[in-house]
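# Results of the structural survey
One-letter residues, chain by chain:
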Amino acid sequence: MAFTFDLQSGEAASLEDAKTLDAVVVSATKRSDKIEDINGSVTVVAAEQLQQAQVRDTGSLDRVLPGVQIGYGSSQLFPIISLRGVTSSQDFYNPTLTFYIDGVPQMPALAMQALVDVDRVELLRGPQGTLFGKSAQGGVVNIVTRQPDDKPFLWVDMGTASYGGYHAKASAGGALIKGNLYGSATLLTQSQPGYLRNPSTGTDNLGGARGLAGAMRLRYAPEGASWEVNFNASGECTRAHQDAYVVFDNYRQDVLWSGGDALDPTLRRCSNSESLSGSYRFGDWTLTAMTAWQRLHYAYSYLWGSYENWQPERWRQNVQEVRLATNGALRHWDVVFGLYRQAVAQQRTSRFSEYVVGANDSTGPFRHGRSHLDTLAAYADGTLHLTPRFDIGAGARVSQDKASTQFSQTPGLQGVAGELPIFSGQGRVRRSHVLGQLSAGYRLGSHWNVYARVAQGYKPAGFNLAPTSLYDAKPFGAEDLISYEMGMRFAQSDVALRAAVFRNETRNMQMYTGIPGYQIITNAGKAQSNGAEFNVDWSFLPGWTVAAGSTVAAARFNRFDYSHDTHYTGQRVPFVPRYNAGLHVQGELATTAGSLYPGMDVRWVGTQSFDLAGRLVQPAYSSVDMRLGWRPTRQLLVTAYALNLADQRWRTFAMDSGMGPEVTMVNLGRIIGVDVHIGWF
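## Description of a nonpolar patch on the surface
- Taken together, the side chains of Y220, W227, V229, L276, Y280, F282, L287, W293, V322 and L339 present a nonpolar region at the surface, about 860 Å² in accessible area.
- Elements with a minimum of two residues in the nonpolar patch: β19 (227-240), β21 (266-282) and β22 (285-304).
- The dominant element in the nonpolar patch, judged by the number of residues it contributes, is β21, at three residues.
- Judged by relative accessible area, which is 39%, V322 ranks as partly exposed.

Right, dumping it as structure tokens:
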């Protein structure tokens, strides 16, 4: 946005410094490029903008990232993300966008997590496999945290909101050994309430979550040295009552649907992450190495009709990356080379058994599964500056993916399997993949840039991570995407705008097919999305800015190969709204009692369907957010806000229950709250 406010220093940033994104350096390109030098669509959001919009977790980033839609597929474990007509709705374990935090790719089940201590968020639209070791099919959300330095800081955020919501966060950092060693630590707790009630158990506020998270950072960077070493560690635990549904046709009600005797849905997820990285600068080059570990375990249960589903899973991820990139200005060319390794292991147990009130049933069969995915990749991406106005870019990525699965279905503890068969299976697959990208950019003048880009992305071959039958021993193939994009940027004085047209073609789409409860992933479809996007930022008065933007996308199946569902050819791709649009206004008013910061956000979302047949449809809707910040002193900022001021309700996820009516999940409704920020520097 054109206006920012520095919450750390407590001073308004100058319009010249904050007005356009041209002054922002994008680290996600791994060469620290300026936005005007990138042949692609990029959005950068500062920490101040996140706080203005009450964005405290990755699931709320669609409030500030134009064109992005983020939702839950039953729970925060399975995000549904769409961007430019590309969606992960048909494979919840593989989000369309890849989330990175300080250079570390996040596991899919951790895509939805708290934002602990963020400096900025960068969105690169379109495939990014030639810049990132992990194939990023729809784009990358690069989250950069605040790194400690010689400047000490201490601040506290706290707030309360409707439905019993609250949050509290404290962060401190500075020099541990002046000129050499720096450190910081952050701790937060928050509650995201729900609104559903369960008449049978008497529980209310179902659908929400409570979490505790923390992070610490150590940075060893001797003053004057050309190298540094960083160690980051973080952890998060969440308890929730999600998988909470209401009847599709009566979505405005607040009574939980279960289809039988009621049981509260439960979810518990805990994770920890550690990373060690280092960089060395020599001449025009920077060499960087990183190794990271992530561990995650969760368990959730819910009632589906008269059956209880209980599912614990454990995940482990180990990542290493080495890259060499140019640095500095006034170069005729820039390039990045990288080597990447990723190993992911998943262990899953599930039980689907008939639920009897007051009984500890263990007669249902157990399904056990172990899966592994190993990736080795080499990538390179470069830009050749042919003239001061014209440049061309190219990149390539070569990878090998190995996947394996081993699964079985065994009797329950009492040896009763009911009518379900006993089975076991295993499988292995190894595939190589080559990706590329070509781009060109031209400066029409000192303020105008145009560019064109063609890029490939993919999701690797593998196996169903939730096996239900012997068919899951058969691997599915890789999903391929090719993206075409043409765009322009303009930045002058107090106006900045960005526009692009795009086309995405997806082949061998990995989709769940079959009846609910026994679905398998197959390469069932081919889809195409065409659209356009536009964003403008205008500083129309000193201290006041307005930003507006819209993305229009038409995504349909060109072919649907699954033998029983061929009639879906020509249908719209689920979870892709026909349009996203937003209006943002932010300002500053000086008073004798301190500065006031009024703001407003309006969002419009077009019609979207939740199923392949297009029967479960959410019509277009809109929402309005209002806020007013007050800073009486340099150390204190108080903000009152109302999210979804008109208390609009809309469906966020829906499906055929298979045991009665269609069911849906619904947004929370109007939330009114107050935030307090206190900082000592």
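What follows picks up the thread again.
## Things to note about the pattern of salt bridges
- According to the stated counting rule, one finds 21 salt bridges in the structure shown.
- With its nearest N and O atoms 3.0 Å apart, the salt bridge here joins D284 to R331. One end of the pair, D284, is in the loop between β21 and β22; the other, R331, is in the loop between β23 (307-326) and β24 (333-354), with 47 residues separating them in the sequence.
- Taking the relative accessible area as the measure of exposure, R331 reaches 17% and is therefore buried.
- Linking R603 and D625 is a salt bridge whose minimum nitrogen-to-oxygen distance equals 3.1 Å. On the criterion of sequence distance, the pair formed by R603 in strand β35 (residues 594-605) and D625 in strand β38 (residues 621-633) is long-range, its members being 22 residues apart.
- A relative accessible area of 4% places D625 in the buried class.

## Some points on empty space enclosed by the protein
- A full pass over the atoms with the stated rule returns 12 cavities of 30 Å³ or more.
- By volume, the second largest cavity is sized at about 660 Å³.
- Along its surface, the second largest cavity is lined by 39 residues, and Y93, N94, K134, L373 and P460 are the ones closest to its centre.
- Of the residues contributing to the lining of the second largest cavity, the split by class is 19 nonpolar, 15 polar and five charged.

## Quick word on the state of the cysteines
- Tallied over the entire structure, the rule returns one disulfide.
- Two residues share a disulfide in this structure: C237 and C270, whose sulfurs sit 1.8 Å from each other. The disulfide joining C237 to C270 has a torsion of about 115 degrees about its S-S bond and is therefore right-handed. Separated by 33 residues along the polypeptide, C237 in strand β19 and C270 in strand β21 bring together distant segments of the chain.

## A look at the environment of L218
- Structurally, L218 is set in strand β18 (residues 209-220).
- Judged by relative accessible area, which is 32%, L218 ranks as partly exposed.
- Linking L218 and D149, residues 69 residues apart in sequence, is a C-alpha distance of 9.9 Å.

## Thoughts on the pairing of strand β7 (residues 75-83)
- In terms of burial, β7 is largely enclosed, as nine of its nine residues are buried.
- Note that strand β6 (residues 68-73) and β7 share six bridges and pair antiparallel. Across the sheet, residue I70 finds its bridge partner in β7, namely I81.
- In the sheet, β7 pairs with strand β8 (residues 86-87) via two bridges, with the strands oriented antiparallel. Within β8, the residue paired with S82 across the bridge is T87.
- The turn linking β7 back onto β8 is made up of two residues, and R84 within it adopts a positive phi angle of 55 degrees.

## A word on the pairing of strand β11 (residues 118-125)
- Counting buried positions along β11 yields seven of eight residues, so the element is predominantly enclosed.
- One ladder, built from five bridges, connects strand β5 (residues 42-46) with β11; its direction is antiparallel. Pairing of A46 across the sheet is with R120, part of β11.
- Bridging between β11 and strand β12 (residues 139-145) involves seven bridges; their strand directions are antiparallel. If you follow R120 over to β12, its bridge partner there is V144.

## Thoughts on the nonpolar core
- Counting 32 residues, the largest nonpolar core has Y93, L296, Y298, Y300 and W315 as the members making the most contacts within it.
- Within the residue set of this core, elements represented by two or more residues are β7, β22, β40 (651-656) and β41 (662-666).
- Looking at this core element by element, the count peaks at five residues for β22.
- Within the second largest apolar cluster, 22 residues are counted, among which are V64, V68, L115 and V121.

## Remarks on the side chain of Q106
- Inspection of the secondary structure assignment puts Q106 in the loop between β10 (104-105) and β11.
- The residues contacting Q106, other than those within four sequence positions of it, are F99, I101, Q113 and Q294.

## A short note on the packing of aromatic side chains
- Inspection of every chain in the model, using the stated rule, returns 17 aromatic pairs.
- Geometrically, the ring pair formed by W285 and W333 is tilted, given 5.9 Å between the ring centres and 50 degrees between the ring planes. In this pair, W285 sits in strand β22 while W333 sits in strand β24, placing the two residues 48 residues apart along the sequence.
- Looking at W285, the relative accessible area reads 21%, which means it is partly exposed.

## Here we look at the confidence of the model for the protein
- Model confidence for the protein is summarised by a mean pLDDT of 86, while 88% of its residues fall at 70 or above.
- Predicted confidence for residues 1-23 stays below pLDDT 50, and this span has 57 contacts to residues more than four positions away or in other chains.

## Re the sheet that holds β11
- Sheet architecture is open: five strands sit in the order β5-β11-β12-β9-β10, paired in mixed fashion. Each of the sheet's edge strands pairs with one partner strand only, and the pair in question is β5 and β10.

## Let's talk about the sheet that holds β6
- Read from one edge to the other, the open sheet built from three strands follows the order β6-β7-β8, with strand pairing classed as antiparallel. Pairing within the sheet leaves two strands with one partner each, and these edge strands are β6 and β8.

## Things to note about the side chain of R125
- Tracing the chain through its elements places R125 in strand β11.
- A polar contact is formed between the side chain of R125 and the side chain of T43, at a distance of 3.0 Å.
- With residues up to four places along the chain from it excluded, the contact list for R125 reads S41, V42, T43, P66, L83, R84, G138, G139, R453, R498 and E533.

## Focus on the environment of G629
- Relative to the helices and strands, G629 resides in strand β38.
- On the basis of relative accessibility, which here comes to 4%, the residue G629 falls in the buried class.
- In sequence terms G629 and T639 are 10 residues apart; their C-alpha atoms lie 4.1 Å from each other.
- Those residues in contact with G629, other than ones at most four positions away along the chain, are S595, L596, Y597, L637, V638 and T639.

## Points about the environment of L481
- Tracing the sequence through the fold places L481 in strand β29 (residues 479-492).
- Once the C-alpha coordinates of L481 and P127 are considered, the two residues, 354 residues apart in sequence, prove to be 8.1 Å apart.

## As for unusual backbone geometry
- We note that D102 has phi near 50 degrees; this positive angle belongs to a residue other than glycine.
- Here D102 is to be found in the loop between β9 (97-101) and β10.
- Phi is positive for N644, which is not a glycine, with a value near 55 degrees.
- Looking at the secondary structure, you find N644 in the loop between β39 (636-643) and β40.

Procedures and definitions
Residues numbered from 1 in each chain as written. Predicted model: local features only at pLDDT ≥ 70, side-chain atom pairs only at ≥ 80, totals over all residues. Heavy atoms only, no water. Patch = residues over 30% accessible without salt bridge, like charges linked within 9 Å, V, L, I, M, F, W, Y side chains within 5 Å. Areas by Shrake-Rupley, 256 points an atom, 1.4 Å probe, with all protein chains shown as cover. Salt bridge = Lys/Arg side-chain N within 4 Å of Asp/Glu carboxyl O. Helix = DSSP H or I, 4+ residues; strand = E, 2+ residues; numbered from the N terminus. Buried < 20%, exposed > 50% of the residue type's maximum accessible area, 1.4 Å probe, protein only. 1 Å grid on protein atoms, 1.4 Å probe; cavity = no way out; pocket = protein on both sides within 12 Å on 5 of 7 lines; lining within 4 Å. Points joined across faces, edges and corners; volume = space filled by probe spheres on them. Nonpolar A, V, L, I, M, F, W, Y, C, P; charged D, E, K, R; others polar. Disulfide = S-S within 2.5 Å. Pairing = 2+ DSSP bridges. Core = buried A, V, L, I, M, F, W, Y, C linked by side-chain atoms within 4.5 Å. Contact = heavy atoms within 4.5 Å. Phe/Tyr/Trp six-rings, centres within 6.5 Å; stacked < 30°, edge-to-face > 60°. pLDDT = per-residue confidence, 0-100. Polar contact = N/O pair within 3.5 Å; in protein donor to acceptor, adjacent residues only side chain to side chain.

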